[in-house]
Amino acid sequence: MAVVTAPVAAAADAAPTGRPLARYGPALGSATACAGFAALIPTIADYSSIRVAWPWISGLGVELSFLIDGLALIFALLITGIGALVLAYSASYFKGHHKLVRLLVLLVLFELSMLGLVLADNLILMFVFWELTTVTSFLLVGFDHEKADARNKALQALLVTAAGGLALLAGILLIGAVAGTLEASALPAAAAALKADPLYPAILVLVLLGAFTKSAQFPFHFWLPNAMAAPTPVSAYLHSATMVKAGVYLLARLTPALGGTGPWLWTLTIVGGVTAVLASIWALRQTDLKLTLAYTTVMALGTLTMFLGGASAIALAAAVTFLIVHAFYKAALFLAVGILDKKAGSREIDQLGGLARPMWRTWVVVALAALSMAGFPPFLGFIGKELKYEGALAVASEPLLVVTFAVAANAMMVAVAGLVAIKPFLGPRTATAAKAGEPPFAMWLGPAVLATGGLVFGIAPELVGAALVNPTASVMIGDRVAKDFKLWHGVNIPLMLSILTFVLGVVIYLALGRIRRGLAAGEAHGLWAAESGYDGVLAGTKALAAWQTRVIQTGRQTQYFLWTTTVLAALLWAGLAMGGFAVMPRGVEAISLIELTMLALAAFGAVATVVTRSRLLAILALGLLGSAVAAIFVFYGAIDVAMTQLLVETLIVVIVAVALLRLPRLTPAPGLEVRWGHLGVALATGVATALALTAVLGTELDRRITDFFEQASATEAFGRNIVNVILVDFRALDTLGEIAVVVVAALGAVALLTRRREHREASR
Amino acid sequence: MVLLTLALVVPLATAILTFLARRTPGLQRGLSVAGAAALLAVSLVLGAEVVAGGPIAATMGGWPAPFGITLVADLLSAAMVVITGVIALAVAVYGLGEIDPAEERIGHHTLLHALLLGVTGAFLTGDLFNLYVWFEVMLIASFGLLALGGRPDQLDGAIKYVALNLVSTLAFLAGVGLLYGATGTLNMADLHGAVPDLDNATVVFTTAALLLFAFSVKSALFPVFFWLPASYHTPSVTTSAVFAALLTKVGVYALIRVFTLIYDAGMPLIQELLLVAAGLTMLTGVLGAAAQNDIRRILSFHIISQIGYMVLGLALYTPLAIVGAIFYIIHHIVVKANLFLVGGVVKKLTGSEDLARIGGLWAAAPWLGVLFLIPALSLAGIPPLSGFWAKLVVIKASLEAEHYVLAATALVVGLLTVYSMSKIWLEAFWKPHPEPARAAGRGLDRGESWALLAPIVGLAAITVLIGLVAAPFYAVSTTAADQLLDPSAYVTAVLGARP
């Protein structure tokens, strides 16, 4: 695990000193980690894997388990290798920038999250890192957060990928429930059970939502070009080489468990294919080179998805090879566009031209990368493309469809490669050429290494093929794949398709101006507006939120009361309905006239309290109600209770009456307005309470505790008035609490009055 | 078990002492912090005791259960008291840097500790009527804290708060009265045996309805949460934080306690009602938050939304779901209090809580950004912070119970939580300050920054700890849930072993 912790230590070294060692520390750490992973290549090339695990939350089946197999290793090498180059590039790109340290810290945090994502074996652990890449990406896209645009784009990337993330979480939980394990390495054994389970379609949809949002598949692709609001090195790293491939990684990782079924194949093929073709068209439309590259990234992600759908070994090997090819040339081109932006002052294709002379070293790099992108021999891109065609033909069910998608997308890729490599450097000189110059070494190194890699691995394809691609394809297919990697396969169908691709690509390149104008016109007519779905959902949610809050939280207390009481009444009636309405309690027939009179008095008091407009009358009526109840207590022999009640009633009436004298009069409203709704709710509550009470009265009173009180009051607690003994002894804690209530109320009242006086004095 | 008594005596004594010391502010502050620290210490010892030996009980005044009042702590109660101790210390310290001296003089510290007394009492009592008493203590103390500032908007909030809560308290009292009439006992362990024996279903369901209503209002469930957004943004930040952390959670605690021990949440109708209410509470709360533009208003609506998750855990009524509910409560109390505390610092630095009028903090105070992100991301359920595990368990429980709509609701609400949290982040931290002159903001002076930041850092550390070392917290929640679903140990601790 030293491999994993190296970048952390290096990041910690990157103190805000600005010293070169500190600035380049993260890059060195990342390079060290990359070397560490490279040392594992022989092991993996031998088709074996390494797994380490520690317990984390065993009760939830969550382990700190890591797995290094071919798939994980390819990603780990790309993450740390490109990471090192991007970190070095950034340290130079942002030299002297006040937020350099922040950028490096965030990049290193991202790198670690991404590494964790691809190395985790436990799916929940993988999800932990998955979400961390979302968060770090959010912070990095919004790096220039003073601009409203950057903020909104960051939010968009966050919401789209977080939505997919939540779907993925549900999918993972369902996988765990069905398969009985959350370890990815143990899932292939449960594949049959998973695919046969009635939850399989739900699992598939949820997992694919996670993968498609993260990897910017149509119709969720829009966030990725928008994420170009990030600084260029960030785009190169997160939104081209690594993070956006997390979805592809997930698909690859879950292929043995979920792949190979009809729904899997069709969804991946069609979504991937449509994404690839649409994205290549959009790429042609752009004039900003960075956006052009962003759309070609979407195209690449679509292609990868499409090939992962095909369950054949060749298709999977093609996907893995293209993954490597793309990471190399795309990161190189992104970084090169950053150089153009910085050194020539623009990324707009129309403003760039004639840079071949002042920036020839940059041009060499761009040309190498573009040749790989276009798929010329002897670059790795050529092998990748040939493999793609071979793989497409091997997709048993729909070879023609896949081939068509692949040829169309690749042809446009050729055109875009030409656009990037030819126009800015060989096109007519523009103002930018005059002040352009070569970048510092640290900025040039990254793209140079990556572009050269495309050539070296093209000449010696076995370096990646046998060592990495075959073991990875084996992981996915669940069987040993030993594909031969060669530049020259002889004249076969893939070669024919390649030639067709070049021809088409050149035609498109030549017609580019016309195509762009046509697309722009189409756009003006509202085509390609997948993003409006996002905008619509966001605006709709906001409107819904505002509406519901206006309706619920009106600020009017009467309304709050009405609803609260309505709920109370409804619950009571529901309870009565569930339990059955009780019959009249025993002894009703024996009610005497005097008791009825007291009841009538109490009822009169209650009604009078509510209807009167005079506060004094209301409190008197309330007192009447209380006294009538006390009288009823007397009839039933509860003298002590009655005394307490009477005392309380009298005190309340006196104290409140005194207080009322100091209050301003209520202005009497003209006429008595009856709120029927309120009346209904009040009656419903009262009647329901009464019915509940009759039900209780219908039961036999359990006298255990009453008997105990009666018997122990005098003998053990030494008091004759049972109420008093209950208050001060049996249940003294209640009384203590109530005393606290009274004292605190007094304290609150004093505080209020003091503050009133203070406020009045302050305003004077 | 003197520990149980001490857990009540400490806040009571602190309340009294801070009142007596009201003319010497320094002493009063010292007493307040010391009292909170003592409460935390007592609660930790209590927690350790319960973890080691299971539920403990103590009879008050020497009257045996069910005749007198019994205090009792099973693992849920003990955990709640520990977390109350943590919050007590955090807000007591924070208050030193935030509370207006005038409010201190007229009783802030006393009211705070009276509130803590009510909260602790509610968590520890084993008697239904006594629970009502502690609810009253909490209600009146929180009313005092709300009204302490005396500003018209504060009084408006306080009146709405107290009036609506009185309705709940009345229903609670009526429910207790009816239940006593039917069973002749108030002791909850005793009621555990008595209520299932009742042959009168009307009594069972109407009393359940009254208590369900009362605790739903206290927990701020849909559709009876009006009082919360009407009041929580008005008092001092310290007060808001302690309210946000503890008040609604006492309601949820009461729901869990009463609907596992006396009734069970799996009862027909009760379960359906709780499930629907939980879903709508999650949803309306977070939408309410999305509609706000003021930090504390956003956070207040979030409380409601998060209560939904906890109640969902109870309503599903499976062992895993109850674990989720308990884990959620513990996580939420820490995180929610902290967000309010951070909001207070934002206000200090930028001069407002209105998102339209503030900004620039990510540039001016990146440390505060990190301190905000930890609880904010945790609340939004981002791993590996505490809120992720809480949500994970509740959602897993929903899926396993095949309540897919609720699982989906919980997930969507998670996304909306991300959205509303990002709103604060985008406006307060990323957006440049609308008045460039104030962009730098005013700094905190030394004493102030200690008082304000130490609690924030401490609570953030707890959040990270729960996230990274989740296993022991999960284990405690599991044991606590086991004790709830099989309360025999609780009952034995209170009533003694019975044949």
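About the criteria used
Residues numbered from 1 in each chain as written. Chains lettered and ligands numbered in written order. Predicted model: local features only at pLDDT ≥ 70, side-chain atom pairs only at ≥ 80, totals over all residues. Heavy atoms only, no water. Helix = DSSP H or I, 4+ residues; strand = E, 2+ residues; numbered from the N terminus. Rg over C-alpha atoms; globule rule 2.2 N^0.38 Å. Contact = heavy atoms within 4.5 Å. Areas by Shrake-Rupley, 256 points an atom, 1.4 Å probe, with all protein chains shown as cover. Lys, Arg positive; Asp, Glu negative; His and termini not counted. Charge placed at Lys NZ, Arg CZ, Asp CG, Glu CD. Salt bridge = Lys/Arg side-chain N within 4 Å of Asp/Glu carboxyl O. Core = buried A, V, L, I, M, F, W, Y, C linked by side-chain atoms within 4.5 Å. Buried < 20%, exposed > 50% of the residue type's maximum accessible area, 1.4 Å probe, protein only. Axes fitted to C-alpha atoms, helices over the stretch in contact; angles between N-to-C directions. Parallel < 35°, antiparallel > 145°, perpendicular 65-115°, else oblique. Nonpolar A, V, L, I, M, F, W, Y, C, P; charged D, E, K, R; others polar. Left-handed = near helix turned anticlockwise from the far one by under 90°. Phe/Tyr/Trp six-rings, centres within 6.5 Å; stacked < 30°, edge-to-face > 60°. Buried area = accessible area lost by both parts, 1.4 Å probe. Polar contact = N/O pair within 3.5 Å; in protein donor to acceptor, adjacent residues only side chain to side chain.

Caption draft 1: Summary view of the overall build of chain A. Scanning chain A from terminus to terminus reveals 32 helices and two strands. Compactness check: chain A gives a C-alpha radius of gyration of 38 Å against a globular reference of 27 Å for 764 residues, more than 25% above the reference. Dimensions along the principal axes, computed over C-alpha positions, put chain A at roughly 115 × 70 × 55 Å. For chain A, the proportion of contacts with a sequence separation of at least 24, taken over those separated by at least 6, is 77%. When the accessible surface of chain A is totalled, it reaches about 31300 Å², and 70% of it is carbon and sulfur. Looking at chain A, you have 50 positive and 41 negative side-chain charges, and the mean spots of the two groups are 14 Å apart.

Caption draft 2: The pattern of salt bridges, seen in detail. All told, the structure shown has 22 salt bridges over all chains when counted by the stated rule. Note that R731 of chain A is salt-bridged to D127 of chain B, the shortest N-O span being 2.5 Å. Residue R731 of chain A is located in the loop between helix 31 (722–730) and helix 32 (732–763), and its partner D127 of chain B is located in the loop between helix 5 (108–124) and helix 6 (128–147); the two belong to separate chains. Across the pair R151 of chain B and D153 of chain B runs a salt bridge, and its minimum N-O distance is 3.0 Å. Several salt bridges converge on common partners, so that one network encompasses R51, D121 and E183 of chain A.

Caption draft 3: Quick look at the nonpolar core. Counting 444 residues, the largest nonpolar core has L128, Y263 and W389 of chain B as its most contacted members. The greatest single-element share of this core, amounting to 23 residues, is contributed by helix 15 (residues 313–344) of chain A. Apart from the residues within four sequence positions on either side, Y263 of chain B is in contact with L179, V195, V204, T207, A208, L211 and V258 of chain B. Core analysis: the next-biggest nonpolar cluster, separate from the first, contains nine residues, I705, A712, A717 and V725 of chain A among them.

Caption draft 4: Summary view of the packing of helix 8 (residues 188–197) of chain B against helix 11 (residues 237–262) of chain B. Residue and element names in this part refer to chain B. As a packed pair, helix 8 and helix 11 sit with axes 8 Å apart at the nearest point and diverge in direction by 45°. Taken together, the axis directions place helix 8 and helix 11 in an arrangement best described as oblique. Residues M188, A189, L191, H192 and V195 of helix 8 form the contact with helix 11, whose participating residues are R257, L261 and I262. For the contact of helix 8 with helix 11, the class distribution of residues is six nonpolar, one polar and one charged.

Caption draft 5: How the structure looks around the packing of helix 13 (residues 295–316) of chain B against helix 17 (residues 386–400) of chain B. Residues and elements named next belong to chain B. It is the contact of helix 13 with helix 17, at a shortest axis distance of 10 Å, that shows an interaxial angle of 35°. Crossing geometry of helix 13 relative to helix 17 is assigned as left-handed. Contact with helix 13, carried on its side by Y309, L312 and L316, involves K391, V394, A397 and S398 of helix 17 and no other residues of that element. Each residue belonging to the contact of helix 13 with helix 17 can be placed in one class, and the counts come to five nonpolar, one polar and one charged.

Caption draft 6: Quick peek at the packing of aromatic side chains. Counted according to the given criterion, the structure contains 41 aromatic pairs over all chains. A centroid spacing of 5.0 Å and a plane angle of 80° characterise the contact between F123 of chain B and Y253 of chain B, whose relative ring orientation is edge-to-face. Of this pair, F123 of chain B sits in helix 5 while Y253 of chain B sits in helix 11, and the two are 130 residues apart along the sequence. On the basis of relative accessible area, F123 of chain B is assigned to the buried category, the value being 0%. Y253 of chain B gets classed as buried once you look at its relative accessible area, which sits at 2%. Here the aromatic rings of F225 of chain B and F226 of chain B are separated by 6.1 Å at their centres, their planes lie at 50°, and the arrangement is tilted. You can call F225 of chain B buried: its relative accessible area is 1%. The structure contains a cluster of three or more aromatic residues connected by ring pairs, namely F138 of chain A together with W362, F372, W425, F429 and W430 of chain B.

Caption draft 7: Quick look at the interface of chain B and chain A. Between chain B and chain A, the residue contacts involve 112 residues of the former and 90 residues of the latter. Of the roughly 8900 Å² buried between chain B and chain A on both sides combined, carbon and sulfur atoms contribute 77%. Of all residues in chain B, W63, F67 and W430 of chain B give up the largest surface area on contact with chain A, accounting jointly for 10% of the area buried on that side. Linking chain B with chain A are two salt bridges. Between chain B and chain A we count 13 residue pairs in polar contact (both at pLDDT 80 or more) in total. Class assignment for the residues of the side of chain B that touches chain A results in 84 nonpolar, 18 polar and ten charged.

Caption draft 8: Expanded view of helix 11 (residues 232–241) of chain A. All names here are of chain A. Across the ten residues that make up helix 11, a large majority, ten, are buried. Regarding helix 11, the residues found buried are T232, P233, V234, S235, A236, Y237, L238, H239, S240 and A241. Of the surrounding elements, those touching the buried residues of helix 11 are helix 4 (70–93), helix 5 (100–119), helix 6 (123–141), helix 10 (223–226), helix 14 (289–309) and helix 15.

Caption draft 9: Here's a closer look at unusual backbone geometry. In this structure, the amide linkage connecting F218 of chain A to the following residue, P219 of chain A, adopts the cis form with an omega of 5°. Cis geometry is adopted by the peptide bond preceding P66 of chain B, which originates at A65 of chain B and carries an omega value of 5°. Within the secondary structure, P66 of chain B is located in the loop between strand 1 (56–59) and strand 2 (70–73). One non-glycine residue, A216 of chain A, adopts positive backbone phi at about 55°. Relative to the assigned elements, A216 of chain A resides in the loop between helix 9 (200–214) and helix 10.

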